[in-house]
Amino acid sequence: MRVLIVEDEPFMAEAIRDGLRLAAIAADIAGDGGAALEMLGVNAYDIAVLDRDIPGPSGDEVAAHIVASGSGMPIIMLTAADRLDDKASGFGLGADDYLTKPFELGELVLRLRALDRRRAHSRPPVREIAGLRVDPFRREVHRDGRYTALTRKQFAVLEVLVAAEGGVVTAEALLERAWDENADPFTNAVRITVSALRKRLGEPWIIATVPGAGYRIDVPPAAANADGDAAPGADEDGAPGEDGERERG
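Residues numbered from 1 in each chain as written. Predicted model: local features only at pLDDT ≥ 70, side-chain atom pairs only at ≥ 80, totals over all residues. Heavy atoms only, no water.

Here we take up the sheet that holds strand 1 (residues 2-6). Taken in spatial order, the 5 strands make up an open sheet running 2-1-3-4-5, and their pairing is parallel. Each edge of the open sheet carries a strand with a single partner, namely strand 2 (26-30) and strand 5 (97-100). In this sheet, adjacent strand axes meet at a mean angle of 20 degrees when their direction is disregarded. Relative to strand 5, strand 4 (residues 75-79) runs parallel, the two sharing 4 bridges. Paired with Met-77 across the two strands is Tyr-98, which belongs to strand 5. (Pairing = 2+ DSSP bridges. Helix = DSSP H or I, 4+ residues; strand = E, 2+ residues; numbered from the N terminus. Axes fitted to C-alpha atoms, helices over the stretch in contact; angles between N-to-C directions.)

Right, here's the structure in full:
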């Protein structure tokens, strides 16, 4: 999940961002309405956490822009006002949820996850593919019934790959969806994380490397194809391909 935080108080914005990252939720910050509109036009976000009282285009105007875009992106509004008519006007603008300052970060995380499940209501909350069972709510992964412990980043990458349902996901898309705007586009973090994730999930390798394209979840063959070709994403001896290098740092 990737969230846009629109908040003009730097300390609060950074505290929210850092707290969300600890909960494995990628988050970017926009300090005013203009920056928010610019970032919405460039990046793909799942949910907006929007303070109504911000400089530039107001939070209400940013909300109206999101609604008019037809993206269906859920909005959680933040405000210091707790009057019912303020909340009513916010919901009237298209807000999906409301939090009054001050609030507990844990409550925001719960509301974000609830909105994300609601947003993806057409998909099962627990995803299963090729022997993998990924539960985003409980942050659990099982392979062939065996629990596998993953780091936050490994889980985020696996979520994106599983959501693609066997389709190829580029390294750039993984960087966008599992990291955030501060990630270095020239980093090898994706390659190293995929390599470590592949090892955590164990053999037979289930994450295939598609040369020149990206990665995908693959139904692992028993050994090799009938014509003797090596398994996708592996060397001829069955070891991981280019991503099977030793994890660094």
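Turning next to the UniProt feature "modified residue: 4-aspartylphosphate" (unreviewed entry) in the chain. Per the UniProt record, "modified residue: 4-aspartylphosphate" (unreviewed entry) is found at Asp-51. Secondary-structure assignment places Asp-51 in strand 3 (residues 47-51). Leave out the neighbours within four places in its chain, and Asp-51 touches Val-6, Glu-7, Asp-8, Gly-59, Leu-78 and Lys-101. (UniProt positions renumbered as here; feature names shortened; annotations may be inferred. Contact = heavy atoms within 4.5 Å.)

Leu-132, Leu-158, Leu-174, Ile-207 and Ile-217 are the most contacted members of the largest nonpolar core, which totals 25 residues. Elements that contribute at least two residues to this core include exactly strand 7 (132-135), helix 6 (152-163), helix 7 (171-178), helix 8 (189-201) and strand 11 (214-217). At 7 residues, helix 6 tops the list of elements feeding residues into this core. (Core = buried A, V, L, I, M, F, W, Y, C linked by side-chain atoms within 4.5 Å. Buried < 20%, exposed > 50% of the residue type's maximum accessible area, 1.4 Å probe, protein only.)

A word on the pairing of strand 2. Extensive coverage of strand 2 is indicated by the burial of 4 of its 5 residues. As paired strands, strand 1 and strand 2 are joined by 5 bridges and run parallel to one another. Considered in strand 2, the bridge of Val-3 is made with Ala-27. Note on the crossover from strand 1 through helix 1 (residues 10-22) to strand 2: the handedness is right-handed. (Right-handed = clockwise from strand over helix to strand, strands pointing away.)

Moving on: the pattern of salt bridges. Scanning the entire structure with this criterion turns up 10 salt bridges. The shortest N-O distance in the salt bridge between Lys-101 and Asp-51 comes to 2.7 Å. Residue Lys-101 is located in the loop between strand 5 and helix 5 (105-119), and its partner Asp-51 is located in strand 3; the two are separated by 50 residues in the primary sequence. A single burial state applies to Lys-101 and to Asp-51, both of which are buried. Close ionic contact of Asp-218 with Arg-216 constitutes a salt bridge, the shortest N to O distance being 2.8 Å. The partly exposed category is assigned to Arg-216, whose relative accessible area is 22%. (Salt bridge = Lys/Arg side-chain N within 4 Å of Asp/Glu carboxyl O.)

Once that is clear, we can look at the packing of helix 6 against helix 7. Pairs of packed helices are described in terms of their axes, by the angle between the two and the distance that separates them. Taken N-terminus to C-terminus, the directions of helix 6 and helix 7 make an angle of 120 degrees; their axes are 10 Å apart at the nearest point. Accordingly, the angle class assigned to the pair helix 6 and helix 7 is oblique. For helix 6 against helix 7, the interelement crossing comes out right-handed. Residues Lys-153, Ala-156, Val-157, Val-160 and Leu-161 of helix 6 touch helix 7, and the partners they reach there are Leu-174, Arg-177 and Ala-178. The class makeup of the residues in the contact of helix 6 with helix 7 is 6 nonpolar, no polar and 2 charged. (Parallel < 35°, antiparallel > 145°, perpendicular 65-115°, else oblique. Left-handed = near helix turned anticlockwise from the far one by under 90°. Nonpolar A, V, L, I, M, F, W, Y, C, P; charged D, E, K, R; others polar.)

Our next topic: helix 2 (residues 33-42). Taken together, the buried positions of helix 2 are Gly-33, Ala-36, Met-39 and Leu-40. Buried residues of helix 2 fall within an arc of 125 degrees about the axis and therefore sit on the same side. Along helix 2, exposed side chains directed more than 90 degrees from the buried face belong to Glu-38, Gly-41 and Val-42. Where helix 2 is buried, its residues meet strand 1, strand 2 and helix 3 (59-69). (Arc of directions from axis to C-beta.)

The next thing to look at is the environment of Leu-108. With respect to the helices and strands, Leu-108 occurs in helix 5. A relative accessible area of 0% places Leu-108 in the buried class. The sequence separation of Leu-108 and Leu-20 amounts to 88 residues, and the corresponding C-alpha distance is 8.8 Å.

Let us now look at the pairing of strand 1. The buried fraction of strand 1 amounts to 5 of the 5 residues, a majority that puts the element mostly inside the structure. Sheet topology places strand 1 next to strand 3; 4 bridges connect them, and they run parallel. Pairing of Ile-5 across the sheet is with Val-49, part of strand 3.

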